[in-house]
Amino acid sequence: MATRVRVALAAGDGIGPEIMDATVHLFQEAGVLNFVDFVPVEMGARVFAAGNTRGMTADAIRIVEDCGILFKGPMETPKGGGGKSINVTARKLWNAYANLRVFKSLPGVQTVYSRAGLAIDMAIVRENIEDTYGGVEHRLSNDMIQCKRLISAPGCDQVSRFAFETARKMGLTKVHCGHKANIMKMTDGLFLERFREAAKAHPEIEIADVIVDALCMNLVVKPQQYQMVVLPNLQGDIVSDLCAGLVGGLGFAPSANIGNHMAIFEAVHGTAPDIAGKGVANPTSLILSGLMMLRHLCLAREAALIENALLATLESGVRTGDFGDPARPPVGTREFTKAIVERLGTTPKSVPAVRVPEAGETCFTKPARPEAQRVIRTFTNVVTHVVGCDVYLDSPLSPASIAEEMQRLSADTPFALTLISNRGTQVWPTGSVFTECVDYYRVRFELRDGVTPGTIDQARAIDLLRNVTAKFIVCSYELLRTFDGAKGFSLAQGQ
Ligand code: NAD
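Treat the numbers as computed from the prediction; the structure is a model and nothing was measured. (Residues numbered from 1 in each chain as written. Predicted model: local features only at pLDDT ≥ 70, side-chain atom pairs only at ≥ 80, totals over all residues. Heavy atoms only, no water.)

Let's hear about the sheet that holds strand β4 (residues 98-104): which residues, and what values?
The strand order across the open sheet formed by 10 strands is β2-β1-β3-β12-β11-β4-β5-β10-β8-β9, and the pairing between neighbours is mixed. Lying at the two open borders of the sheet, with one neighbouring strand each, are β2 (36-40) and β9 (206-211). Across the sheet, the mean angle from the axis of one strand to that of its neighbour is 25 degrees, orientation sign disregarded. Pairing analysis gives 3 bridges linking strand β1 (residues 5-10) to strand β3 (residues 69-72), with the strands arranged parallel. Across the sheet, L9 pairs through a bridge with F71, a residue of β3. Helix-sheet contacts for helix α3 (residues 58-67) involve β1, β2 and β3, and the interaxial angle to β1 is about 145 degrees. Sitting on the sheet, helix α7 (residues 187-199) touches β5 (121-127), β8 (174-179), β9 and β10 (228-231), and the angle it makes with β8 is about 165 degrees. (Pairing = 2+ DSSP bridges. Helix = DSSP H or I, 4+ residues; strand = E, 2+ residues; numbered from the N terminus. Axes fitted to C-alpha atoms, helices over the stretch in contact; angles between N-to-C directions. Contact = heavy atoms within 4.5 Å.)

Next comes the structure, spelled out in structure tokens:
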């Protein structure tokens, strides 16, 4: 007898409840409820409005963690007021580190590519919790705001391993890494290096890398050259919406957020406030995301039945107002879903049908709840030495005036002033008169000639910092270290 699975279900805001009702109804008609119990949870706008800044009740968190699977509709992000995106919070809170989106041409969904007879079938795997999505931002001076871009080796490892494992299961033969390592040599350099490392466990899969701007152009010009692309978070976010455009828009792109303990399945589009409550929303993206969830639960038979019925419906020309042949009148969400239900058990004619496997059982075993927060590490036993510090100043002075003060303030320390940069460009000891400066400087101190790395500790850098703070506002500070002899910091542009 099949095991029953509990899935936390959050309908979402705006069109969320309409498309979620439609999807659950379709799943019920396809027999999914013989295996799955949907447990409703409260998340989203109403919870924010009640003063809960996380946007999810304590009960919702408990139920989601207990189920291990969340199926969610789109949720509104409060504008301003410090309220964070609940979608990002959910991914980060539950460490759903990989975002998988699959983009396939669909019958009845006209695009530039379908008109040219070009079928699209590719996947994007986006790192889902690091990068600028930490939302670590500070105002550093009157004129400067910073957003920290955090990329960790374990984070890179997790997403690349997931990508290769998924590519293997999907039968793909080539995986690309998209990046901007030519500019962000350390952060994206690490992402690319760990991608190549993870690839070693899958010698059967060919790898290649591509700079993200070239990738965008290639995707528009010749999308069929890609099977799967793995990207850091922000780049992956942008590129995956581009790919949604290739297959007809956000309404046709499903999304799975996968971690070791939790998996979140959601539509890619938002709450569509302009059409909410009108009963005209297109449920396809949520249905396709639900199919990814059913396959995650091993309900491949039910997923195939629904997918074939959906393809047959799209092929027949039945459409909601956001796509399809404008000469044909659109139908509402309910009627669209009814058309799919009526086609359960049929297969599409114009595209290959999905093979319907024998009735199986669910295979989902909820991973054990971790007893404590785990510290994950990639590199251990690394020898590090303090070799200097970068001090960041809020100052409207000129580079030459700052240099004069800094040389005086560091005179009795083991550190010498080696560089001043502004917005990443060197402005002292040499620079261009054309470089315009703003009120925020990086001042770099490095060990004086003759001082051996390893003989100076962080306390000496703090002593120097104390000297500098007597004269300047120090907004932040970074310790400069070597790691197994290699510099753990970048050079300034022009250095
Ligand atoms: P949106 O995706 O909600 O809407 C963009 C356009 O696409 C609108 O014209 C809308 O009517 C249309 N559209 C979207 N989904 C549709 C569907 N299923 N059927 C028919 N038409 C559809 O984007 P937005 O307006 O930028 O965002 C609205 C809200 O959604 C914001 O609060 C945003 O933060 C949130 N949002 C949530 C998620 C999520 O929950 N994962 C994703 C994106 C945006």
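Describe in detail the state of the cysteines, supporting the description with residues and values.
Within this structure, the stated rule accounts for 1 disulfide. The disulfide partner of C298 is C363, and the gap between their sulfur atoms is 1.8 Å. The sign of the 85 degrees torsion about the S-S bond sets the C298-C363 disulfide as right-handed. Of the two residues, C298 is situated in the loop between α10 (284-296) and α11 (300-316) and C363 in the loop between α12 (333-342) and β13 (384-394); the sequence distance between them amounts to 65 residues. Residue C363 is classed as partly exposed on the basis of its relative accessible area of 40%. You can see C389 has no disulfide; the closest cysteine sulfur is in C475, sitting 14 Å from it. On the basis of relative accessibility, which here comes to 0%, the residue C389 falls in the buried class. (Disulfide = S-S within 2.5 Å. Buried < 20%, exposed > 50% of the residue type's maximum accessible area, 1.4 Å probe, protein only.)

Summarise the sheet that holds strand β16 (residues 440-447); cite the residues concerned and give the values.
Strand order in this open sheet of 6 strands is β15-β14-β16-β13-β17-β18, and the pairing throughout is antiparallel. Of all the strands in the sheet, the pair left with one neighbour each is β15 (425-428) and β18 (486-487). Here β13 runs beside strand β17 (residues 473-483); their pairing, made up of 10 bridges, is antiparallel. In the strand pairing of β17, H385 is matched with T482. Together, β13, β14 (415-422), β15 and β16 form the strand contacts of helix α13 (residues 399-409), whose direction differs from that of β14 by roughly 160 degrees.

Tell me about the side chain of N218, and name the residues and values.
Here N218 is to be found in helix α8 (residues 212-221). Taking relative accessible area as the criterion, N218 reaches 18% and is therefore assigned buried. A distance of 2.8 Å separates polar atoms of two side chains, one belonging to N218 and the other to Y226. Filtering out sequence-adjacent residues up to four positions away, N218 remains in contact with V210, P223, Q225 and Y226. (Polar contact = N/O pair within 3.5 Å; in protein donor to acceptor, adjacent residues only side chain to side chain.)

Before we move on, could you go through helix α14 (residues 458-469) and cite the residues and values that matter?
Its 12 residues give α14 an end-to-end C-alpha distance of 16 Å, which sits within 8% of 16 Å, the value for a rise of 1.5 Å per residue. All of the buried residues along α14 are A461, L464, L465 and V468. The arc that holds the buried residues of α14, viewed along the axis, is 105 degrees, so those residues lie on one side. For α14, the elements touching its buried residues are β13, α13, β14, β16 and β17. (Expected span 1.5 Å × (residues − 1). Arc of directions from axis to C-beta.)

How would you sum up the site of the ligand? Please name residues and give values.
Near the ligand lie 19 residues; those nearest to it are M75, G270, A272, D274 and N282. Residue M75 places a main-chain N or O atom 2.8 Å away from an oxygen atom belonging to the ligand. Within the complex, 67% of the 820 Å² of free accessible area of the ligand lies under protein. Taken together, the residues of the shell around the ligand sort by class into 8 nonpolar, 6 polar and 5 charged. (Near = heavy atom within 4 Å. Areas by Shrake-Rupley, 256 points an atom, 1.4 Å probe, with all protein chains shown as cover. Nonpolar A, V, L, I, M, F, W, Y, C, P; charged D, E, K, R; others polar.)

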